[in-house]
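# Residue-level structure breakdown
So the chains spell out like this:
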Amino acid sequence: METREIKSPERDAITSFSLDGNLDSIQRKKLEINVNESDDQQTALDDCGYTGGTTPVNIRGKPIADLSKTGGWTAAFFIFGNEMAERMAYFGLSVNMVVFMFNVMHRPFSSSSNAVNNFLGISQVSSVLGGFLADAYLGRYWTIAIFTTIYLLGLIGITLCATLDVLKPNQDQCNQFSLLLGSCEPAKPWQMLYLYSVLYITGFGAAGIRPCVSSFGADQFDEKSKDYKSHLDRFFNFFYLSVTIGAIIAFTAVVYIQMKLGWGWAFGSLAAAMGISNLVFFFGTPIYRHRLPGGSPLTRVAQVLVAAFRKRKASFSSSDFIGLYEVPGKHSAIKGSGKIAHTDDFRCLDKAALQLKEDSADPSPWRLCTVTQVEEVKILLKLIPVPACTIMLSVVLTEYLTLSVQQVYTMNTHIRLLKLPVTSMPVFPGLSIFLILSLYYSTFVPLSRRITGHPHGASQLQRVGIGLAVSILSVAWAAIFERHRRNYAIKHGYETIFLIPMPNLSAYWLLIQYCLIGIAEVFCMVGLLEFLYEEAPDAMKSIGSAYAALAGGLGCFVASILNSIVKSVTGNPEKGKPSWLSQNINTGRFDYLYWLLTALSIINFCIFLCFARTYKYRAEQVDRKTNSTSLT
């Protein structure tokens, strides 16, 4: 039986090849990896129990005998509950914690906002750690299981802070007027240390949930099914719908509990929801499909960089050149990953797979890497610009979550006899997201399909672009309305009374910016999550999803840094000049900040368009390579 291994290109045909030159079709074909395995090799691999490619396994790492009894939408819905509870806690803390620090811990609004921004940032940036552990060692299931327990412990700690008097400053003789003057007894340093500790434990707990839940849910669908693309598209829409439902509950039910029963019950409800969702998640364990962790992705990236550097002076035209290295067979050398075809991007990294005569039969991965390993690094590099361009959207969302609370305090939140709590105003972006997702397949997809010809209405990058464009409209409206609100306050004598609502100015004008940012978020984030999952390498799906969370976390940090710069540059306490972000919003200039965000968003959108126009989807590259091979 014939066994074909890696073919070495003919030396005389390779002499004309250079990394900087243009290859004709014959030269390209000679550089491709031509590997197949015999039936004897396949049987030997299977008998060893090795599961290659993206074959799903059970929780013990063994191949699943009957896939029909596992995975699918049933398993996905068990996973939705965990994400819903995590988002409920995340948004519940992001809005209520600012008010809690101000009213209960007696911290200024500005420092409270920055503290919450840092919490939001850490909880998302640390997702890279969760994604690394999932892809390298633990797998997505065990990473979620461990970190969701940490998340629950953090929420319990926050509940104790709101419940036990010893963990709070004295609340006697501290009324609204005293809060405005800053004369209430401030929290002791150790009390704030405790609050920050449990808050960051909660944020750390989110690190293992956020990058893994969406990927683990998508793992439940069969890649070989003809409806796989459709299922995946609908999954990410439903996934973000569960995120939205969690946010709506946080902005309504949790706020209502806080108003009627107090802070302890409000934070306790978040802990209870997380505890229940954990039980539901573990209950679905028997029917989950799992992917084998492929080993440390950071190690593989480092190996490619080191190997490429060590062979940086080697030439493809050298007489010692054998070919681009790849292991024989259908399976890659990376557990849990299929092979990835060679591409012409980042050609300098191809040096890591450059096989020379001096390389041994069993080469060190720090000197010679497989094509698949090199292509993993290329993919990770190519993905970076897209989530990076969503950082600006996260900045806008973060500013809305914190600064809009101060705006709403100065306005009338009544709808006839109904009074909506200030901290419930961010529910409207969630409601707009819920509405858009509900109508997405019945309205948007058919209409946009006629324009774009795309079966899903718009490609993933087109959806991200639509979201970024709508976010510009949202923040521009925010600037226009804030200027009107401030002028109204000054005209009617409210300039120095910044926490007393103006009865004739409705807070529901803010709904325009809220609803626009909701539309922006649903298009941008759903498209981004699906894009990262499909484009990321098989053994790095969690790392790919962590890119989105990392962008969100960096947005929170950028918002904090931007606020600090604005306050230091625009304010002068010695001359009595308030900054744009003065605690007295009526003497500050929030509208200027919003215009600055508008300008930055426009620049960011232009940069995104440049990257999106040049990006090639992996599926398109495979089809193009297949067609090219068939022609030659």
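Reading the values: rules and limits
- Residues numbered from 1 in each chain as written.
- Predicted model: local features only at pLDDT ≥ 70, side-chain atom pairs only at ≥ 80, totals over all residues.
- Heavy atoms only, no water.
- Helix = DSSP H or I, 4+ residues; strand = E, 2+ residues; numbered from the N terminus.
- Buried < 20%, exposed > 50% of the residue type's maximum accessible area, 1.4 Å probe, protein only.
- Areas by Shrake-Rupley, 256 points an atom, 1.4 Å probe, with all protein chains shown as cover.
- Polar contact = N/O pair within 3.5 Å; in protein donor to acceptor, adjacent residues only side chain to side chain.
- Patch = residues over 30% accessible without salt bridge, like charges linked within 9 Å, V, L, I, M, F, W, Y side chains within 5 Å.
- Salt bridge = Lys/Arg side-chain N within 4 Å of Asp/Glu carboxyl O.
- Contact = heavy atoms within 4.5 Å.
- Axes fitted to C-alpha atoms, helices over the stretch in contact; angles between N-to-C directions.
- Parallel < 35°, antiparallel > 145°, perpendicular 65-115°, else oblique.
- Left-handed = near helix turned anticlockwise from the far one by under 90°.
- Nonpolar A, V, L, I, M, F, W, Y, C, P; charged D, E, K, R; others polar.
- Core = buried A, V, L, I, M, F, W, Y, C linked by side-chain atoms within 4.5 Å.
- Expected span 1.5 Å × (residues − 1).
- Disulfide = S-S within 2.5 Å.
- pLDDT = per-residue confidence, 0-100.

## With respect to the overall build of the chain
Each helix and strand counted, the chain has 20 helices and six strands in total. Here the chain holds 632 residues, and 57% of them are scored as buried. When the accessible area of the chain is evaluated, it comes to approximately 27,200 Å², of which 63% is carbon and sulfur surface.

## Some remarks on the side chain of Thr 410
For Thr 410, the position within the fold is in the loop between helix 14 (391-409) and strand 3 (411-412). Residue classification places Thr 410 among the buried positions, given a relative accessible area of 1%. For Thr 410, the side chain forms a polar contact with the main-chain oxygen of Gln 407, separated by 2.7 Å.

## A word on a nonpolar patch on the surface
Where nonpolar side chains cluster on the molecular surface, the patch consists of Leu 153, Ile 156, Leu 160, Leu 164, Val 166 and Trp 190 and spans about 560 Å² of accessible area. Top contributing element to the nonpolar patch by residue count: helix 6 (residues 127-163), with three residues. Positionally, Val 166 belongs in the loop between helix 6 and helix 7 (176-181). In this structure Val 166 comes out as exposed when scored by relative accessible area, which is 53%.

## Notes on the side chain of Ser 560
Secondary-structure assignment places Ser 560 in helix 18 (residues 541-570). Setting aside residues up to four positions removed in sequence, Ser 560 forms contacts with Asn 114, Asn 117 and Asn 118.

## Describing the pattern of salt bridges
Pairing of side chains with opposite charge becomes possible as their charged atoms draw close. Evaluated as defined, the whole model comprises 13 salt bridges. The shortest N-O distance in the salt bridge between Asp 345 and Lys 382 comes to 3.0 Å. On the criterion of sequence distance, the pair formed by Asp 345 in the loop between strand 1 (321-324) and strand 2 (354-356) and Lys 382 in helix 12 (residues 371-383) is long-range, its members being 37 residues apart. We classify Asp 345 as partly exposed; its relative accessible area is 24%. For Lys 378, the salt bridge goes to Glu 375, with nearest N and O atoms at 3.0 Å. Residue Lys 378 and its partner Glu 375 are both found in helix 12; the two are separated by three residues, about one turn of the helix. Given a relative accessible area of 1%, Glu 375 falls into the buried group.

## Considerations on the packing of helix 6 against helix 10 (residues 263-283)
Helix-helix packing is characterised by the crossing angle of the two axes and by the distance between the axes. Remark: helix 6 packs on helix 10, axes separated minimally by 8 Å, with the N-to-C direction vectors making an angle of 160°. Taken as axis vectors, helix 6 and helix 10 run roughly antiparallel relative to one another. For helix 6 against helix 10, the interelement crossing comes out left-handed. Here the contact of helix 6 with helix 10 is built from residues that sort into 16 nonpolar, eight polar and no charged.

## Section: the nonpolar core
Nonpolar side chains tend toward joint burial in soluble globular proteins. Of all hydrophobic cores here, the largest spans 167 residues; its most connected members are Leu 93, Met 97, Phe 100, Leu 195, Phe 267, Phe 531 and Tyr 594. Here this core gets 18 residues from one element, more than from any other, and that element is helix 4 (residues 72-103). Once residues lying within four places of it in the same chain are set aside, the contact partners of Tyr 594 are Tyr 400, Leu 403, Gln 407, Val 475, Ala 478, Ala 479 and Glu 482.

## What about unusual backbone geometry?
Here Phe 346, not a glycine, exhibits a phi torsion of approximately 45°, which is positive. Mapped onto the secondary structure, Phe 346 falls in the loop between strand 1 and strand 2.

## Examining helix 17 (residues 511-535)
Across its 25 residues, helix 17 extends 35 Å between first and last C-alpha, which sits within 8% of the 36 Å expected from 1.5 Å per residue. Along helix 17, 21 of the 25 residues are buried, which leaves the element largely enclosed by surrounding structure.

## Things to note about the state of the cysteines
The tally for this structure, following the rule as stated, stands at zero disulfides. The cysteine Cys 524 is free of any disulfide, with Cys 389 supplying the nearest cysteine sulfur at 9.5 Å. Classification of Cys 524 by relative accessible area gives buried; the value is 0%.

## Some details on the confidence of the model for the chain
Residues of the chain with pLDDT of at least 70 account for 84%, and the chain-wide mean is 78. The element-level mean pLDDT for the chain is lowest in helix 1 (residues 11-14), coming to 33, with helix 19 (residues 590-614) highest at 93. Every residue in residues 1-53 is under pLDDT 50, and counting partners more than four places away or in other chains gives 87 contacts. Here residues 628-632 scores under 50 on pLDDT; set against residues more than four positions off or in separate chains, the count is two contacts.

## Remarks on the packing of helix 18 against helix 19
The geometry of helix 18 relative to helix 19 is characterised by a closest axis approach of 12 Å and an angle of 130° between their N-to-C directions. One finds that helix 18 runs oblique with respect to helix 19. Helix 19 is crossed by helix 18, and the crossing has right-handed handedness. Of helix 19, the residues touching helix 18 (which contributes Leu 562, Asn 563 and Val 566) are Leu 593, Leu 596 and Leu 597. Residues that form the contact of helix 18 with helix 19 fall into these classes: five nonpolar, one polar and no charged.

## Considerations on helix 16 (residues 460-491)
Count 3.6 residues to each turn of an α-helix, and residues three or four apart come out pointing the same way. Taking 1.5 Å of rise per residue, the 32 residues of helix 16 would be expected to cover 46 Å, and the 47 Å separating its terminal C-alpha atoms lies within 8% of that figure. Remark: Gly 493 follows helix 16 within two positions and exhibits a positive phi of approximately 80°.

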